[in-house]
Amino acid sequence: MTVTLSPGAATLAQLEAIWRHGHPACLSATARPAIEAAAEIVAQAAAADAAVYGVNTGFGKLASVRIAAQDTARLQRNLILSHCCGVGEALDIPTTRLMMALKLLSVGRGASGLRWETVALLQDLLALGVTPVVPVQGSVGASGDLAPLAHMAATLIGEGEAFFAGERMPSARALHRAGLSAVVLGPKEGLGLINGTQFSTACALAGWFDAMRNAQAAVATSCLSTDAIMGSTAPLEPAIHDLRGHRGQIDVARAMRMIMAGSEIRESHRDSDSRVQDPYCIRCQPQVTGAALDLLRFAGRTLEIEANAVSDNPLVIVDEGRIVSGGNFHAEPVGFAADQVALAVAEIGAIAQRRIALMVDPALSHDLPPFLTPEPGLNSGLMIAEVTSAALMSENKHLANPCSTDSTPTSANQEDHVSMAAHGARRLARMNANLSVILGVELLCAAQGVEFRAPLKTSRALLRLLQITRDTVPALGEDRYMADDIARAAALVSGGTVAAACGVADLLEDKAR
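Summarised in this report is the structure supplied together with it.

Rules used in this analysis
Residues numbered from 1 in each chain as written. Predicted model: local features only at pLDDT ≥ 70, side-chain atom pairs only at ≥ 80, totals over all residues. Heavy atoms only, no water. Salt bridge = Lys/Arg side-chain N within 4 Å of Asp/Glu carboxyl O. Helix = DSSP H or I, 4+ residues; strand = E, 2+ residues; numbered from the N terminus. Buried < 20%, exposed > 50% of the residue type's maximum accessible area, 1.4 Å probe, protein only. Contact = heavy atoms within 4.5 Å. Axes fitted to C-alpha atoms, helices over the stretch in contact; angles between N-to-C directions. Parallel < 35°, antiparallel > 145°, perpendicular 65-115°, else oblique. Left-handed = near helix turned anticlockwise from the far one by under 90°. Nonpolar A, V, L, I, M, F, W, Y, C, P; charged D, E, K, R; others polar. Expected span 1.5 Å × (residues − 1).

With that out of the way, let us pick up the pattern of salt bridges. Tallied over the full model, the rule gives 20 salt bridges. Residues Arg297 and Asp251 are paired through a salt bridge, measuring 2.9 Å at the closest nitrogen-oxygen approach. Of the two residues, Arg297 sits in helix H14 (residues 285–307) while Asp251 sits in helix H11 (residues 247–260), which places them 46 residues apart along the sequence. You can call Asp251 buried: its relative accessible area is 0%. Here Glu320 makes a salt bridge to Arg322, at a shortest N to O gap of 2.7 Å. Residue class for Arg322 comes out partly exposed when judged on its relative accessible area of 43%.

Structural data, given as structure tokens:
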């Protein structure tokens, strides 16, 4: 299924479909007239005498150097090759394809000056599965993601490397095998391809997609944990959350109430429970996870705007027939959004880890066996699984330190304040992977704890989650090799199965949008 993108109106759902399911993307046919109009203005400027940055001048600190008309094509090619300075491992293929789709959206607004044939080749790469090899290191988030986007652009001119049909090969060979031909860049086209925030935004969006899935899973696992330790649902009552008024908190409390409705375990201790209040990791779940959800929603809106933005330089103002230099390539909004996602991911993991610690501790778990094993002492049960979750929680707290507050001058001080958005966005994949494991360990602990409450049963929604968990990871009796169990549980989280089992996405639907 090809995702048809309308420049300025693409949705997060469309972008997630491209990233998560590998769908090709193309621009709406309505975008072509604006693209061609901007390209015509650039062509006229290239043939004129006036100096226009990036069209007939050098770049950055070399903007005062005039380029002869006969050298403009060579100028653009040199720009791409000289900016292919990325290092490190290759960006994963789904995120690279998302980056390409974002570039389509940006140039599709008709303010970048690319010719239609260049835009069409980028679409063809997506349609036929030719994916540029893009090293992940080298961007400081202004003036755009220059190095990563240059590696993407290199494939369009038959340089660099690309993935095709499961192989990594020279771009020229990949184009030939796909039945495509490299393009010779026209005036400003190289600059229009590399001057933008698409690498940082693609990485941030990928992090946001997984962070939302993890947040949804955390609502489900937290409900199972609450029943496992026979926690109170009184802190979920609507009046409490309405009095505070935060949308995310209200939504999480409502979702938890609905997921836990009908639990026999809950009803068994509603009266005569000697515990007056549960620890914060149980009692304050809506306040913490809800605040994280609000932060993620805000970041998502920022990233949706940026995905639809024109972020290169200079820009073609078609209605006025002018080419104007500006600073839309500065990725500060993306850097801030990535930092917000990182904070949310770290805090969801922090409170989940405390729930794990609660369940394995016989002093706090309300009569569950130590470390959730039927024969403690002879068996260690989930003792070290909890330690692993603590290690990952702490790693995420380190990684959550803001990147957007850093800056360093580059390009002979012409580019003297940068966003570091690429750094902020790239670390989200690692943080989400850590969080999926933390929540996977919580799932294993909570499932084990709820089963120790038999013959009492949990709610219908949580019984579905328990059954899915047990279909994947058997209950823990005798100690066994645990790494595979943890990996399978984490996959249930990252794959969306945990959230789907309890219908969390629908329960958390953002009514405020």
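This next bit is on the side chain of Thr373. For Thr373, the location among the structural elements is in the loop between helix H15 (332–360) and helix H16 (383–399). Contacts of Thr373, omitting those with residues within four sequence positions, involve Asn379, Ser380, Gly381, Phe452 and Gly477.

Another aspect to go through is unusual backbone geometry. A cis geometry characterises the amide bond from Ala142 onward to Ser143, with omega recorded as 5°. By secondary structure assignment, the location of Ser143 is in the loop between strand E5 (135–137) and helix H6 (146–156). Following Asn313, the chain continues into Pro314 via a peptide bond in cis, with omega recorded as -5°. Structurally, Pro314 can be placed in the loop between H14 and strand E8 (315–317).

Quick look at the packing of helix H5 (residues 116–128) against H6 now. Where H5 meets H6, the closest approach of the two axes is 10 Å, and the angle between their N-to-C directions is 95°. Accordingly, the angle class assigned to the pair H5 and H6 is roughly perpendicular. On the side of H5, the interface is formed by Leu121, Leu122 and Leu125, while H6 contributes Met152, Thr155 and Leu156.

Relative orientation of the contacting elements helix H9 (residues 198–228) and H15 amounts to 20°, with a least axis distance of 10 Å. Here H9 lies roughly parallel to H15, going by the angle between them. Where H9 crosses over H15, the two elements pack in a sense that is left-handed. Only Val334, Val341, Val345, Ile348, Arg355 and Met359 of H15 make contact with H9, whose side of the interface consists of Ser200, Thr201, Ala204, Gly207, Trp208, Ala211, Ala215, Ala218, Thr221, Ser222, Ser225 and Ala228. For the contact of H9 with H15, a count of residues per class yields 11 nonpolar, 6 polar and 1 charged.

With that settled, the discussion passes to H5. For H5, spanning 13 residues, the distance from its first C-alpha to its last is 18 Å, which sits close to the expected 18 Å at 1.5 Å a residue. Residues of H5 that are buried: Trp116, Thr118, Val119, Ala120, Leu121, Leu122, Gln123, Leu125 and Leu126. Tucked into the core, H5 has its buried residues touching strand E2 (25–27), helix H2 (32–47), helix H4 (93–107), H6, helix H7 (171–177) and helix H8 (189–194).

Mapped onto the fold, Gly158 is located in the loop between H6 and strand E6 (161–164). Distance from Gly158 to Pro170, taken between C-alpha atoms, is 8.0 Å for residues 12 residues apart in sequence. Excluding residues within four positions of it along the chain, Gly158 makes contact with Ser171, Ala172, Leu175 and Ala182.

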